[in-house]
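Structural overview
The primary structure of each chain is shown beneath.
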Amino acid sequence: MMTSVKFILVGCGNIGVRHAALMHQFGKLEGVCDVDESKAKQLAEQYHCKAFGCLNDLLTACKNAAVLVICTPNALHAPQAIQGLHAGFHVLVEKPMALSAMDCRAMIDAASQAGKLLMVVKQNRFNPPVLAVKHAIEQALLGKIYSVHLNCLWYRDEAYYMQSKWRGTKQLDGGILFTQFSHFIDILLWFMGSDVKVVAASAANLAHQNIIEFEDTGVAQLQFANGALGSIHYSINAFQQNAEGSILLNAENGIIKIGGKYLDNIAFQTLKHGDIACTETSAEANDYGSYQGSIRNHDKVYAHFIEILLHNKASIIQNEEAMQTVALIESIHKCIQHNSF
Ligand SMILES: NC(=O)c1ccc[n+]([C@@H]2O[C@H](COP(=O)([O-])OP(=O)(O)OC[C@H]3O[C@@H](n4cnc5c(N)ncnc54)[C@H](O)[C@@H]3O)[C@@H](O)[C@H]2O)c1
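Below is a short write-up of the structure.

Bringing the packing of helix H1 (residues 14-26) against helix H10 (residues 298-311) into the picture now. Look at H1 against H10: their axes get within 10 Å of each other, and the N-to-C directions meet at 50°. When the interaxial angle is binned, H1 and H10 end up oblique. Here H1 and H10 pass one another in a crossing that is right-handed. Each of Ile15, His19, Leu22, Met23 and Phe26 in H1 lies in contact with H10, whose residues at this interface are His298, Asp299, Tyr302, Ala303 and Ile306. Of the residues contributing to the contact of H1 with H10, the split by class is seven nonpolar, two polar and one charged.

Here it is in structure tokens:
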């Protein structure tokens, strides 16, 4: 889908370069910016656009662009999105939306005041098995959900954290629930509803001492308002490679597990009303050379964003829901702090 939408990009790191390729594919990239100006210049040369070292200069020089895309460290998402919205741009921001629900609220308010579109990248919502199970839940095919179990077992080593200074810091990164696993928590809440209480949580830094400022492993116990019980087991200590990103739903009318490393297949299902069909195969994971990230569905995110922007299509990614993911992560962190000894 080629359009005349003009984009600008802040943050020319690992995911930023992938976004740049998609902006070029779906519209036109007008300008890029990075505090590391060499990265901005390299990308600008590739796409024949302007390069800047700070967001303010990018916004001022590229007023004719419509959409600001934010691919900077997590803690910068809120201030940069608000700056972009105030300057009159629509904003597409990488996950997590922000590092606090308060910041998410400020972003949502800024978008509504400016009358501009704000959307968070939640590409796992487009995974075929995720969409199939979401549809089944909406059709009440599973009946009452009794319990849900989210397993996130990935691998991140010291080299990953050494690649970028912000990674591993409490202030800019915020933790593995934000950076590695917020996609999975988003899907958990999309299935189960966001009215949820953290009953218990504990965490520890078991293999990343002196590398990261937060836990590398944790477990949280949840209770949903609809009565379902839940658990999250998350770690970046999986042996040598990403091992699993899965959701198991145990319900009145059956049991089903979306499995793989990235919620990319139906691992098993036994359902009263027959199997949930899911013939479309998932995309590959994003490969950054030394490590792998989530599913490579950013093209679907762009197509969706443009449909909303140009044709007022309803979004399947709601900002309130993105905020609720952040709120749940905050609650887990609070519970961990409360229980730490
Ligand atoms: N959706 C996904 O699957 C996915 C995948 C990877 C990363 N992300 C998210 O994208 C963001 C970036 O991650 P990354 O892995 O590309 O990080 P990165 O470190 O590779 O890139 C971040 C870039 O931002 C630049 N930067 C820092 N402060 C800046 C500022 N004030 N103004 C302009 N540029 C600035 C850095 O110099 C760097 O080039 C993070 O929020 C991360 O959570 C999402």
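We now examine the layout of surface pockets. Estimated volume of the largest pocket: approximately 940 Å³. The wall of the largest pocket is formed by 43 residues, among which Cys71, Thr72, Pro73, Trp166 and Arg167 lie closest to the centre. Breaking the lining of the largest pocket down by element, the ones donating at least two residues are H1, helix H4 (77-86), helix H7 (158-163) and strand S15 (292-295). Per-element tally for the lining of the largest pocket: the top contributor is H1, with three residues. Classifying every residue of the lining of the largest pocket gives 16 nonpolar, 19 polar and eight charged. Shared between two domains, the lining of the largest pocket takes at least three residues from each, and those domains are domain 1 (6-120) and domain 2 (124-294 + 318-339). Reported here for the second largest pocket is a volume of approximately 500 Å³. Along the walls of the second largest pocket sit 18 residues, with Lys170, Glu215, His333, Ile336 and Gln337 positioned nearest its centre. For the lining of the second largest pocket, the elements supplying multiple residues, two or more each, are strand S8 (196-204) and helix H11 (319-339). At six residues, H11 tops the list of elements feeding residues into the lining of the second largest pocket.

On to the pattern of salt bridges. All told, the structure shown has six salt bridges when counted by the stated rule. Of the charged contacts, one joins glutamate 138 and lysine 134 as a salt bridge, the two residues approaching to 3.8 Å between their closest N and O atoms. Placement of the pair is glutamate 138 and lysine 134 together in helix H6 (residues 128-138), with a separation of four residues, close to one helical turn. Assessed through its relative accessible area of 14%, lysine 134 is described here as buried. Between glutamate 244 and lysine 257 there is a salt bridge, with its nearest N and O atoms 3.2 Å apart. A residue pair is termed long-range when its members are at least 10 positions apart, and glutamate 244 in strand S11 (residues 244-251) and lysine 257 in strand S12 (residues 254-259) qualify at 13 residues. One connected set of salt bridges, linked through shared partners, spans Arg125, Asp186 and Glu321.

Now for the sheet that holds S8. Here seven strands make up an open sheet; going across it, the order is S8-S9-S10-S7-S11-S12-S13 and the pairing mixed. The sheet terminates laterally at S8 and strand S13 (265-271), the two strands that pair on one side only. Recorded for the sheet is a direction-independent mean angle of 10° between the axes of neighbouring strands. In the sheet, strand S7 (residues 145-153) pairs with S11 via eight bridges, with the strands oriented antiparallel. If you follow leucine 150 over to S11, its bridge partner there is isoleucine 247. Here H6 sits on the sheet in contact with S7, S11, S12 and S13, set at roughly 155° to S12. Sitting on the sheet, H11 touches S8, strand S9 (217-224) and strand S10 (229-235), and the angle it makes with S8 is about 55°.

Cut-offs used in this document
Residues numbered from 1 in each chain as written. Predicted model: local features only at pLDDT ≥ 70, side-chain atom pairs only at ≥ 80, totals over all residues. Heavy atoms only, no water. Axes fitted to C-alpha atoms, helices over the stretch in contact; angles between N-to-C directions. Helix = DSSP H or I, 4+ residues; strand = E, 2+ residues; numbered from the N terminus. Parallel < 35°, antiparallel > 145°, perpendicular 65-115°, else oblique. Left-handed = near helix turned anticlockwise from the far one by under 90°. Contact = heavy atoms within 4.5 Å. Nonpolar A, V, L, I, M, F, W, Y, C, P; charged D, E, K, R; others polar. 1 Å grid on protein atoms, 1.4 Å probe; cavity = no way out; pocket = protein on both sides within 12 Å on 5 of 7 lines; lining within 4 Å. Points joined across faces, edges and corners; volume = space filled by probe spheres on them. Domains from an automatic or database assignment. Salt bridge = Lys/Arg side-chain N within 4 Å of Asp/Glu carboxyl O. Buried < 20%, exposed > 50% of the residue type's maximum accessible area, 1.4 Å probe, protein only. Pairing = 2+ DSSP bridges.

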